[in-house]
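Here is what each chain is made of, one letter per residue.
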Amino acid sequence: MIHVLEDLPWGFKHPEIQYWKNEKVHVYKGTFLPDELHPFASKDFSYARWKEDELNGVVQTPEKSANRFSLREHQAEGVKYIVQHYIQGSSDFLLADKTGIGKTLTGLASIALCAKQAGFSTSMKAKVLIVCPKTARAQWRNTIQSYPLATGFCRFMIINYQQLNKLLEAPPKARVAKKRSTKNRQTAREGKPLINWDFVIFDESQYLKNYGKSAVSMSAANVAQLNNTYIKGKTPYVLFSTATPGSTPLHMAVLSRMLAPLITDNGKATPNTWGKFLKENGFNVELGKSGWVWKEPFSMNKNSSDASKRAQYEYDKMKNDQAKRRDTRRIGLALKKKNSPFLMRSPKDIEGWPDQVPVKVPIEMNATQISVYKKEWSEFRRFLLLPAAKKNPQTALVKRKRYRQKSSLLKVDSMVDFVMDRLDVGEQVYISCEFMDTIDRYRELLEKNNVTVAEITGRYTGSERENQRLMFQKGKAKVVLCSIVEAISLHAGESLSDGTKATDNIRATIIHDIREDPNKAVQSFGRAHREGQNSICYFPYLDKTVDVKILDSFIDKDGNMKAMTGEEENTIERVFKEASARTTPPKEYS
């Protein structure tokens, strides 16, 4: 018996473990695993389990969950629509339901029924690849184990985005490359798939937005054969699942086979030709030094001492922003065409489900905090005003991060009082933070108030992270501090893997830090506002500071994302515009 091990700690050694380079796995040979190796046994649907089954010539039966999932009405409608498009011959489908509506089960059930329709059976199962963030693997595993129809017609592999190169055969030049980074990039760009999948699900597919610049996006395209002509039954049918497809047309490159004929009659494109296709069809893009980019106004005039040049820059920027919004609306109109392979619902579209309400929370600083803020902002502002030639891009990143970290910390003390108010009325509180210093300060102050705190961050992995989540879900911790923005369920009444349910307490969501990446920002909103459970979303910001402009920048990008998917209403934009209108930053902070 060959046991393939996974999640071995770095530097872990055991006299009977071997590394098989060709298979890219650590193995132990023996009838049973010794006790010390049990924690590293292969899990259902993992890459390690797939290889283990191949090496032993037997496909193991997966575990059965204590839960049994059934489709809600809106999920059943989604499944029917996706299967219909598969039958009609679509190559790809974009499932863009908002966070908390149940995309995981909708996608899983859709692919299971597509497999059944294609003639697969319990004796000849469809090969299905699910690619997701590492943090989402456990959720997918539990969902599959809780939905027997899926395992009846499909054999699954769940893998995270960073592991995709394991599924590609390295080209000859990559095999002789001296640097691992060179080998990985060449494999991502030119590798051939080792397995011909029948179906592929890209969960949180916003990970693929920077096609051509990101090795992950190129690996994904090759594994799913996205640059090939789709032939039903010969090449994979691909389901993209994300609540945040992107904020520029270039982010949609992996969807090009689906989008091109919707943008122009008989249009054809692949990820490799997407930029050229957009240019030829009048989009505001150009070929830059490192690939296709959205056009930007001539930036050398931005800080010119010549007032007329600065005015010209502002005019060019305004016209350019208008062109960008037109581009995003064209994508949105294409996706909304009748019978397009696209589905997007928000909570308000489902009877009885509340839409998430955003609430601004301005924080007035005391004299000490104002002094700290002025010092940090002035230092950062001096750097920003340096001529471009004297700026080091790496230094710019460091200085921006330092400013954002300090600004984040300044909000904590005031927000602790806000959190205590929410706890006093019986709510549980989910706080999304970007920086660990902020999380540590929250923990320190809350524990002084005798509040038990759970933490979902990079400090915890695997079962440890899940234990922290369950502390919150079962009410042992009333507050959860979270730096993870995706694939975490924190809503009231959730069905847990042990057959119990989460507490019914109302959840309050606090977005302490708005991420620079709008996709991550939006993902963080829906961790507790899910499955019809309402969670008001609070956004703290430092009143009368550049925080207001940061919010403006976010809502601009959020508006582009909404235009991209054809949405008209933007509640967050409306709320923050109101905040901006009444809090003009003083001259020294602007």
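In this report, we go over the structure that sits alongside the text. Just so you know, these numbers come straight off a predicted model, no measurement behind them.

Some thoughts on the overall build of the protein
Along the backbone of the protein there are 18 helices and 19 strands. In the protein, which comprises 590 residues, the proportion classed as buried is 55%. Of the roughly 28,000 Å² that the protein leaves accessible, carbon and sulfur atoms contribute 50%.

Some remarks on the pairing of strand β12 (residues 291–294)
Across four bridges, the pairing between strand β11 (residues 285–288) and β12 is antiparallel. By the bridge assignment, E286 is partnered in β12 with V293. Linking β11 to β12, which pair antiparallel, is a turn of two residues.

Side note on the sheet that holds strand β18 (residues 507–511)
Here we have six strands laid out as an open sheet, ordered β14-β19-β18-β15-β17-β16, and parallel in their pairing. Looking at strand neighbours, the two that pair on one side only are β14 (358–363) and β16 (453–456), the edges of this open sheet. Put simply, the sheet's adjacent strands are angled 25° from each other on average, direction ignored. Where β16 and strand β17 (residues 479–482) come together, four bridges link them in parallel fashion. Among the inter-strand pairings, E455 is bridged to a residue of β17, identified as L481. Each of β15 (428–432), β16, β17 and β18 is contacted by helix α15 (residues 462–473), which is oriented at about 140° to β16, the strand it contacts most.

Details of helix α2 (residues 73–88)
Compared with an ideal rise of 1.5 Å per residue, which puts 16 residues at 22 Å, α2 spans 23 Å between its outermost C-alpha atoms and is within 8% of the ideal. Within the span of α2, buried status applies to H74, Q75, G78, V79, Y81, I82, V83, H85 and Y86. Those residues of α2 that are buried are in contact with β4 (92–95), α3 (103–117), β9 (199–203), β10 (237–241) and β13 (342–343). Of the residues one or two after α2, G89 is the one with positive phi, at around 105°.

Here we look at the packing of aromatic side chains
Counted according to the given criterion, the structure contains 13 aromatic pairs. The rings of Y161, F202, Y207 and F240 are connected pair by pair, giving a single aromatic cluster. Over the aromatic face of W50 sits the side chain of R155, whose NZ or CZ is 3.6 Å from the ring centroid. Above the face of the Y86 ring, K232 is positioned so that its terminal group lies 4.5 Å from the ring centre.

Some details on the side chain of E455
Relative to the helices and strands, E455 resides in strand β16. Only 2.7 Å separates the side chain of E455 from the side chain of T457, close enough to count as a polar contact. There is a polar contact of 3.1 Å between the side chain of E455 and the side chain of R459. Not counting residues up to four positions away in its chain, the partners in contact with E455 are M436, I439, R443, Y460, Q468 and L481.

Overview of the pattern of salt bridges
Scanning the model with the defined rule gives 19 salt bridges in all. Of the charged contacts in the structure, one is a salt bridge between K173 and E190, with a shortest N-O distance of 2.8 Å. With K173 in helix α6 (residues 172–175) and E190 in helix α7 (residues 180–190), the pair connects residues that are 17 residues apart, well separated along the chain. Residue classification places K173 among the partly exposed residues on the basis of a relative accessible area of 44%. E447 is the partner of R443 in a salt bridge, and the nearest nitrogen-oxygen pair spans 2.9 Å. Of this pair, R443 and E447 both sit in helix α14 (residues 436–448), four residues apart, roughly one helical turn. One salt-bridge network, held together by shared partners, links D440, R443, E447, E455 and R459.

Some words on the sheet that holds strand β2 (residues 17–20)
Taken together, three strands build an open sheet; the order of strands is β1-β3-β2 and the sheet is antiparallel. Edge strands, defined here as strands with exactly one partner in the open sheet, are β1 (2–5) and β2. Going from strand to strand, the sheet's axes swing by 40° on average, the running direction of each strand aside. With four bridges connecting them, β1 and strand β3 (residues 25–29) associate as antiparallel partners. What sits directly across from H3, in β3, is Y28. The strands touched by helix α1 (residues 47–56) are β1, β2 and β3; relative to β1, the strand with the most contacts, the crossing angle is about 165°.

A short note on unusual backbone geometry
Where the residue is not glycine, phi is negative for most of them; where a peptide bond is considered, it is trans in most cases. At F45, a position not held by glycine, the phi torsion is positive, near 70°. Note that F45 resides in the loop between β3 and α1.

Details of the environment of D517
By the secondary structure assignment, D517 is in the loop between β18 and α16 (518–525). Along the backbone, D517 and G246 are 271 residues apart, and their C-alpha atoms lie at a distance of 10.0 Å.

Focus on the environment of V361
Counting through the fold element by element, V361 comes out in strand β14. Its relative accessible area of 12% is what places V361 among the buried residues. Along the backbone, V361 and Y538 are 177 residues apart, and their C-alpha atoms lie at a distance of 6.5 Å. Ignoring any residue separated from it by four or fewer positions in sequence, one finds V361 in contact with M415, F418, Y538, F539, P540 and Y541.

Some words on the packing of helix α9 (residues 256–263) against helix α11 (residues 307–335)
One way to put it is that α9 packs onto α11 with a least axis distance of 9 Å and a crossing angle of 95°. In terms of their interaxial angle, α9 and α11 are classed as roughly perpendicular. Every residue of α11 that contacts α9 at M258, L259, L262 and I263 is listed here: R330, I331, A334 and L335.

Some thoughts on the side chain of T248
When you line up the elements, T248 lands in the loop between β10 and α9. Polar contacts involving the side chain of T248 include one to the main-chain amide nitrogen of L250, which spans 3.1 Å.

Considerations on the environment of R155
Secondary-structure assignment places R155 in strand β6 (residues 154–160). Between the C-alpha atom of R155 and that of L129, which follows or precedes it by 26 residues, the distance is 8.6 Å. Excluding anything up to four places from it in sequence, R155 contacts W50, D53, E54, V59, K125, A126, K127 and V128. A distance of 3.0 Å separates the side chain of R155 from the side chain of E54, its partner in a polar contact.

Rules of the game
Residues numbered from 1 in each chain as written. Predicted model: local features only at pLDDT ≥ 70, side-chain atom pairs only at ≥ 80, totals over all residues. Heavy atoms only, no water. Helix = DSSP H or I, 4+ residues; strand = E, 2+ residues; numbered from the N terminus. Buried < 20%, exposed > 50% of the residue type's maximum accessible area, 1.4 Å probe, protein only. Areas by Shrake-Rupley, 256 points an atom, 1.4 Å probe, with all protein chains shown as cover. Pairing = 2+ DSSP bridges. Axes fitted to C-alpha atoms, helices over the stretch in contact; angles between N-to-C directions. Contact = heavy atoms within 4.5 Å. Expected span 1.5 Å × (residues − 1). Phe/Tyr/Trp six-rings, centres within 6.5 Å; stacked < 30°, edge-to-face > 60°. Lys NZ or Arg CZ within 6 Å of the ring centre and 35° of its normal. Polar contact = N/O pair within 3.5 Å; in protein donor to acceptor, adjacent residues only side chain to side chain. Salt bridge = Lys/Arg side-chain N within 4 Å of Asp/Glu carboxyl O. Parallel < 35°, antiparallel > 145°, perpendicular 65-115°, else oblique.

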